[in-house]
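# Observations on chain architecture
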Amino acid sequence: MSSDFESYEQDFGTITAEITNKIGRIPKLSGEEKTQLVLNVDKQLEEVRELLEQMDLEVREIPIQSRAMYNSRLKSYKQEVEKLEKDFQKHFWSQSETLCAQGSLTPMKKRSRIAYSDEVRNELLGDDASSSENQRAHLLDNTEKLERSSRRLEAGYQIAVETEQVGQEILANLHSDREKIQRARERV
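Residues numbered from 1 in each chain as written. Predicted model: local features only at pLDDT ≥ 70, side-chain atom pairs only at ≥ 80, totals over all residues. Heavy atoms only, no water.

## Quick look at the overall build of the protein
Broken down by element type, the protein carries six helices and zero strands. The secondary structure elements of the protein, listed N-terminal to C-terminal, are α-α-α-α-α-α. The buried share among the 188 residues of the protein stands at 28%. Here the analysis covers contacts within the protein between residues at least 6 apart in sequence; of these, 71% occur between residues at least 24 apart. (Helix = DSSP H or I, 4+ residues; strand = E, 2+ residues; numbered from the N terminus. Buried < 20%, exposed > 50% of the residue type's maximum accessible area, 1.4 Å probe, protein only. Contact = heavy atoms within 4.5 Å.)

## Details of the pattern of salt bridges
Considering all chains together, one arrives at seven salt bridges under this definition. Note that Arg-49 and Glu-46 form a salt bridge whose closest N and O atoms lie 2.5 Å from each other. Of the two residues, Arg-49 and Glu-46 both sit in helix α2 (residues 31-61), three residues apart, roughly one turn of that helix. Assessed through its relative accessible area of 12%, Arg-49 is described here as buried. Given a relative accessible area of 32%, Glu-46 falls into the partly exposed group. (Salt bridge = Lys/Arg side-chain N within 4 Å of Asp/Glu carboxyl O.)

## Re the nonpolar core
Ranked by size, the top nonpolar core spans 23 residues in total, and within it Phe-12, Ile-19, Val-41, Leu-52 and Phe-88 carry the most contacts. Ranked by residue count, the leading element in this core is α2, at nine residues. Dropping the residues within four chain positions of it, Leu-52 is found in contact with Phe-12, Leu-74, Tyr-77, Lys-78 and Val-81. (Core = buried A, V, L, I, M, F, W, Y, C linked by side-chain atoms within 4.5 Å.)

Rendered as structure tokens:
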């Protein structure tokens, strides 16, 4: 069962990396090419949501001892998807609204007032914030790298804890076996 979960994790990593890449490319495009990329990102976000649902089902099948570790990883992935959706909303509010009106794009679950106000501010003041967009993109990339590193560290820590527990069980078994052998020698 955990191998299915890990397979889903690999798919999740691949798709979210593609989404992040595409979100970064969309501001540089225009016209039909931009529209197609926005539709593609929306489709991939839907795929990621379905993948999270599958992962959630897999976690429910995992034995209780290991479930906490998988639940924390799943929670982290859900937060990452929410972040991607918010980023997608914030940068492409007007494009998304147009496509939603046409029925081409599924509406996002939560519309952020902050994202809307940022979009309105950019429309009123003009879009001379290309360097600020580059900084945002760089910051988002660094944040994503940091989050992934944190997840890896957390997974490594969980493995170390599990290994320690297995080691303690082995030591307890060896101690028990030693006592049995000593009692057997005393009887003989």
